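The primary structure of each chain is shown beneath.
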Amino acid sequence: MIHPSAVVSPKAKLGKNVSVGPFTIIHDAVEIGDDTSIDSHCEIGYPTPLAAGRPLVIGEESLIRSHSVFYQGSVFGERLVTGHRVTVRENTKAGKNLQIGTISDIQGHCEIGDYVRFHSNVHIGQHSKIGNYVWIFPYVVLTNDPHPPSSVMMGVTVEDYVAIATMSVLLPGVVIKEGALVGAHSSVSRDVEANTVVAGSPAKFICETRKVKLKDGSNASAYPWRRHFHRGYPTEIVESWKKEAI
Amino acid sequence: MIHPSAVVSPKAKLGKNVSVGPFTIIHDAVEIGDDTSIDSHCEIGYPTPLAAGRPLVIGEESLIRSHSVFYQGSVFGERLVTGHRVTVRENTKAGKNLQIGTISDIQGHCEIGDYVRFHSNVHIGQHSKIGNYVWIFPYVVLTNDPHPPSSVMMGVTVEDYVAIATMSVLLPGVVIKEGALVGAHSSVSRDVEANTVVAGSPAKFICETRKVKLKDGSNASAYPWRRHFHRGYPTEIVESWKKEAI
Amino acid sequence: MIHPSAVVSPKAKLGKNVSVGPFTIIHDAVEIGDDTSIDSHCEIGYPTPLAAGRPLVIGEESLIRSHSVFYQGSVFGERLVTGHRVTVRENTKAGKNLQIGTISDIQGHCEIGDYVRFHSNVHIGQHSKIGNYVWIFPYVVLTNDPHPPSSVMMGVTVEDYVAIATMSVLLPGVVIKEGALVGAHSSVSRDVEANTVVAGSPAKFICETRKVKLKDGSNASAYPWRRHFHRGYPTEIVESWKKEAI
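Conventions and cut-offs
- Residues numbered from 1 in each chain as written.
- Chains lettered and ligands numbered in written order.
- Predicted model: local features only at pLDDT ≥ 70, side-chain atom pairs only at ≥ 80, totals over all residues.
- Heavy atoms only, no water.
- Helix = DSSP H or I, 4+ residues; strand = E, 2+ residues; numbered from the N terminus.
- Buried < 20%, exposed > 50% of the residue type's maximum accessible area, 1.4 Å probe, protein only.
- Least-squares fit on C-alpha atoms with pLDDT ≥ 70 in both.
- Pairing = 2+ DSSP bridges.
- Contact = heavy atoms within 4.5 Å.
- Buried area = accessible area lost by both parts, 1.4 Å probe.
- Salt bridge = Lys/Arg side-chain N within 4 Å of Asp/Glu carboxyl O.
- Polar contact = N/O pair within 3.5 Å; in protein donor to acceptor, adjacent residues only side chain to side chain.
- Nonpolar A, V, L, I, M, F, W, Y, C, P; charged D, E, K, R; others polar.

S.K.: Got a sec to walk through unusual backbone geometry? Specific residues and values, please.
M.R.: In this structure, the amide linkage connecting S201(B) to the following residue, P202(B), adopts the cis form with an omega of 5 degrees. Residue N195(A) is not a glycine yet carries a positive backbone phi of 55 degrees. Structurally, N195(A) can be placed in the loop between β28 (187-188) and β29 (196-200). Of the residues examined, N195(A) reaches a relative accessible area of 40% and is grouped as partly exposed. If you check the backbone angles, H109(B) has positive phi at about 60 degrees while not being a glycine.

Structure below.
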């Protein structure tokens, strides 16, 4: 299961049935759960003094695709799945079933809930706080410095079920409240109320999310999206969503 | 021609005079045309059940630069040239002489014509349809979901000779008609008429493309660009352009 | 110090105490200064006829992180530090202590001063001229073609101490004068005066930079940033800044 070309530290702790692809490097401070696959050309547990000796922890049944780089000092729950060329810095803590798309970059010191999905080329600045069931689409950036460069860090907060559409910027310290939708190519400088749509640069209130109609001929509301979109979520979660009075 | 460190499946079909660089992986379901070079650190023919067993097909005289990842199930005509770290998912069909810039990501299920040029860091969403002689510049995203996340897919259509400038987003289902120009940092929410310039967020009509003057001292019109820009196109095509009454 | 899996040309000139990580390729036309580290999976000195035989020169005490690609024909001063997956094309000349963030792409033919910091995923178009102590934040693009595609090249000029915030585009030929700040998600189509803030799409004058207050409770001005932000700069430079009457 370990390709003969891989460079795996004898100090790394690999669970049962872990596979490591060709040309992948596993450094010392690494703990990988059972049944996890690390594809080719990765660098896992990149050493940094900023992690103060803490290891990288990857949960069970995860899949890390090729050319990805994970620093030591971050912790991921079970069933992490990544695209290619993902970068994750130190001291981030994420829940289970996180998906990180190709080229996405998590800068470290972040808190991420369960069942979060980052699409391709997403940039999560340091000290971001992200809830559960959040969707972040390509080329979105979560910032943190209100007057760059400086040492002031005002991380962004993204609550449960929020969707941030393509190429939007969340400015330092904003809070995107539960179930909100940020339209594509927006620049969000103020907090966004729950279950509302904002868009534009600077982003302004457009409507309540329930006013957005599904373009599938049903004329149903497109939000909350968990009423109609279930792909990839486990049955017990989908069943609980169906019982909600939303 | 095959570097000894490369990992090449005996099931892969490599044409004559194909070279494979160091630390590159060629999976089973791959067919590569004659005289093609695959540089170092690539992963070619990444297996996916979504390709239903179809191979990756790369045409003759192609060049794939380092750290690129191609999934099985897509087909490319002759003389494909890529930058570094390109990603191409399954079930895309592209014509000849396609150029894909560094870090660009083609998400799969796309149709792409001949002589198309994607610059660096372009993101082509699933179900995009792109004509011939199209130019797409850095950090442009073609989207497809009108109310993310959902299962509704409304791919973008980009017709022949269109140019999409840097960091623009094409919203789901829009049609950019022949010869149009989308200005930089625009968000395109409506169809764009042929041979017109649109710009802004949301993008609005600016002028006809022929009103844009070349900044080379000639005072000639900058569009149609094929009147003055010929770099890299074969002689017979340039000659045919010169005969057009445009 | 040279990992046995690395592929290092005997023609490359490596200084004393240079280390080369696993699966890295060093081509012929390369000169690397003393005490420099090249991490894993890199391709250094990628050959191109556009460099007219000139080598890639990397100064002393530099660190190039994994999966980076440098073409032959560019020159970097001492203490270059890169993130992962950086791309640098030919014929760029940069001063000392340059930092280039993960996935950033320098397209070649650029001039870059001392102590410049590119954050992640920055795209520096050909013929850009960048001064000293400049900051460029994630997803910023410096363009050069006023009517793409064409052969007209109008590179951008960024003067000393300028900061360009996230996801902004600098349009061809603009000059961003000393100490200016470009707000996030802006599109800059005109020259920006020294020590002013511009923002928006198209970017407009907002205020003088000295009007921006530090959000650290001090009520001090956030600009010039060198009054309060010193992380990573050498002591002699910080001392000289402290003596300035700014």
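Still to come is the rest of the account.
S.K.: Account for the relation of the copies chain B and chain A, naming residues and giving values.
M.R.: If you rotate chain B by 120 degrees and push it 0.0 Å along the axis, it lands on chain A with an RMSD of 0.0 Å. Both copies are brought into coincidence by an operation consistent with a three-fold rotation axis.

S.K.: Lay out the pairing of strand β30 (residues 203-208) of chain C with the relevant residues and their values.
M.R.: Residue and element names in this part refer to chain C. As paired strands, strand β29 (residues 196-200) and β30 are joined by five bridges and run antiparallel to one another. Bridge assignment links V198 to a residue of β30, and that residue is F205. From the end of β29 to the start of β30, which pair antiparallel, there are two residues.

S.K.: For the environment of A194(A), give the residues involved together with the corresponding values.
M.R.: All names here are of chain A. Position of A194 among the secondary structure elements: in the loop between β28 and β29. Exposure remark for A194: the relative accessible area of 35% places this residue in the partly exposed category. With 94 residues separating them in the primary sequence, A194 and I100 have C-alpha atoms 25 Å apart. Excluding residues within four positions of it along the chain, A194 makes contact with K177 and E178.

S.K.: Got a sec to walk through the interface of chain B and chain C? Specific residues and values, please.
M.R.: Accessible area lost upon the coming together of the parts is a frequently used measure of interface size. Contact with chain B, which involves 38 residues of that partner, is made by 41 residues of chain C. Summing both sides of the interface, chain B and chain C together bury roughly 2800 Å²; the carbon and sulfur share of this comes to 65%. For chain B, the biggest contributors to the area lost against chain C are R85(B), Y139(B) and H185(B); these three give 22% of the whole. Counting across the interface, chain B meets chain C through zero salt bridges. The tally of links from chain B across to chain C stands at 18 residue pairs in polar contact (both at pLDDT 80 or more).

S.K.: Describe the interface of chain B and chain A, and please don't skip the residues or the numbers.
M.R.: Between chain B and chain A, the residue contacts involve 41 residues of the former and 38 residues of the latter. Between chain B and chain A, roughly 2800 Å² of surface is buried when both sides are summed, and carbon and sulfur atoms account for 65% of that area. Area buried by chain B at its contact with chain A is led by H147(B), P148(B) and P149(B), which between them contribute 23% of it. Between the two partners, chain B and chain A, sit 18 residue pairs in polar contact (both at pLDDT 80 or more). At the level of secondary structure, the elements contributing two or more residues to the side of chain B that touches chain A comprise β7 (43-46) and β10 (69-71) of chain B. Tallied by class, residues from the side of chain B that touches chain A come to 20 nonpolar, 18 polar and three charged.

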